[in-house]
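Descriptive analysis of the structure
Chain by chain, the residues run as shown.
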Amino acid sequence: MESSLFKNAPAISSERERELLVFIEESKISINDLSLLNLAFTHRSYANETNEDVDTNERLEFLGDSVLGMCVADWLFRKLPAKQEGDFSKIKSVVVSEDSLAQIARSLHIDRYLLIGKGEENSGGRQKKALLADCMEALFAACYLDSGFDAAKEFVMRYLSQQIQAVLDDDYHRDYKTSLQEYMQKRWRKVPTYTLVKRTGPEHDFTFHMEVDVNGSVYGPAKGRNKKEAEQRAAKLAYDQLVKPNTD
């Protein structure tokens with residue numbers, strides 16, 4: 001890594017060095033420069049509060065976003081020859097999403113290694129999806145800068161390939177409301193009707209229960225944190241019973 005790429009990474013104590021080495025061992029990330037790795041964990045809230053003159057992981061995050069996209073695109077192109085561009089785009093949009101990256105970050109216990117300011121700490125920053133996802137992208141960049149594209153791809157796909165398979169199993173997180181409506185319009189020239197059956201739970205955290213009427217047949221109820229989510233799940237129940245058996 002060229003020294004001019006960054007101002008400074010936070011100083012590494014002997015205890016911090018041990019922590020970083022544990023992360024390398026457990027995550028199997030290919031990286032030799034501990035300062036670069038430490039920088040990937042450095043949130044701007046830490047840089048703003050420390051007396052050190054340190055950089056943040058934001059530039060790494062920017063680079064890591066592109067590294068991630070290239071790694072996933074390369075893997076999809078090589079591993080799924082039967083899929084088309086539209087399929088690649090749908091899969092990629094899900095697996096590189098904030099939710100997906102935050103899930104991976106939690107599996108790697110990224111929250112333990114983050115350097116964040118006291119204000120961010122007190123507001124639950126270690127568990128914020130955006131912060132965790134951003135750190136993952138910074139780690140991808142750090143691996144790329146330290147060890148090259150092949151090493152970065154190996155690290156990225158060690159975790160993203162599992163996410164891709166989950167997406168494939170879940171049919172790209174299909175918009176089941178739209179799919180069900182298209183099916184009904186084609187077959188009966190009608191549209192589905194959704195009904196709120198009930199709301200449960202405390203007022204600040206309702207669970208919604210929705211049913212869907214498909215040409216006189218009712219499916220559900222299905223639960224969701226909001227009406228839209230509950231409608232999607234009710235639509236999936238109907239779609240899986242009506243449409244999937246005829247397309248599998």
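Structure first, text after, so check above.
Residues numbered from 1 in each chain as written. Predicted model: local features only at pLDDT ≥ 70, side-chain atom pairs only at ≥ 80, totals over all residues. Heavy atoms only, no water.

Reading across from one edge, β1-β2-β3 is the order of the 3 strands in this open sheet, with antiparallel pairing throughout. On the outer flanks of this sheet lie β1 (193-200) and β3 (217-224), each paired with one strand and no other. Recorded for the sheet is a direction-independent mean angle of 20° between the axes of neighbouring strands. Inspection of the sheet shows strand β2 (residues 207-214) paired to β3 by 6 bridges, in the antiparallel sense. Among the inter-strand pairings, H209 is bridged to a residue of β3, identified as K223. On the sheet, helix α10 (residues 176-188) packs against β1 and β2 and is oriented at approximately 15° with respect to β2. (Pairing = 2+ DSSP bridges. Helix = DSSP H or I, 4+ residues; strand = E, 2+ residues; numbered from the N terminus. Axes fitted to C-alpha atoms, helices over the stretch in contact; angles between N-to-C directions. Contact = heavy atoms within 4.5 Å.)

It is worth spelling out the packing of aromatic side chains at this point. For any two aromatic rings, the description comes down to two numbers: the centre-to-centre distance and the angle of the planes. All chains considered together, the criterion is met by 8 aromatic pairs. On the basis of an interplanar angle of 65° and a centroid distance of 5.1 Å, the ring pair of F23 and Y113 is categorised as edge-to-face. Of this pair, F23 sits in helix α1 (residues 14-27) while Y113 sits in the loop between α6 (98-107) and α7 (118-122), placing them 90 residues apart in sequence. With respect to burial, F23 and Y113 carry one shared label: buried. Looking at K177, its charged tip hangs above the ring of Y194, at a distance of 5.0 Å from the centre. Sitting above the plane of the F206 ring, R199 keeps its charged end 4.5 Å from the centroid. (Phe/Tyr/Trp six-rings, centres within 6.5 Å; stacked < 30°, edge-to-face > 60°. Buried < 20%, exposed > 50% of the residue type's maximum accessible area, 1.4 Å probe, protein only. Lys NZ or Arg CZ within 6 Å of the ring centre and 35° of its normal.)

Attention now moves to the pattern of salt bridges. Enumeration over the complete set of coordinates arrives at 12 salt bridges. A salt bridge links R44 to E58, with the nearest nitrogen and oxygen atoms 2.9 Å apart. Here the residue R44 occupies a position in helix α3 (residues 44-49), and E58 occupies one in helix α4 (residues 58-79), the gap between them amounting to 14 residues. Its relative accessible area of 34% is what places E58 among the partly exposed residues. (Salt bridge = Lys/Arg side-chain N within 4 Å of Asp/Glu carboxyl O.)

Look at α6 against helix α9 (residues 149-169): their axes get within 11 Å of each other, and the N-to-C directions meet at 125°. If you check the angle between α6 and α9, you find them oblique. Crossing handedness for the pair α6 and α9: right-handed. Of the residues in α9, those in contact with S100, Q103 and I104 of α6 are Y159, L160 and Q163. Tallied by class, the residues present in the contact of α6 with α9 amount to 3 nonpolar, 3 polar and no charged. (Parallel < 35°, antiparallel > 145°, perpendicular 65-115°, else oblique. Left-handed = near helix turned anticlockwise from the far one by under 90°. Nonpolar A, V, L, I, M, F, W, Y, C, P; charged D, E, K, R; others polar.)

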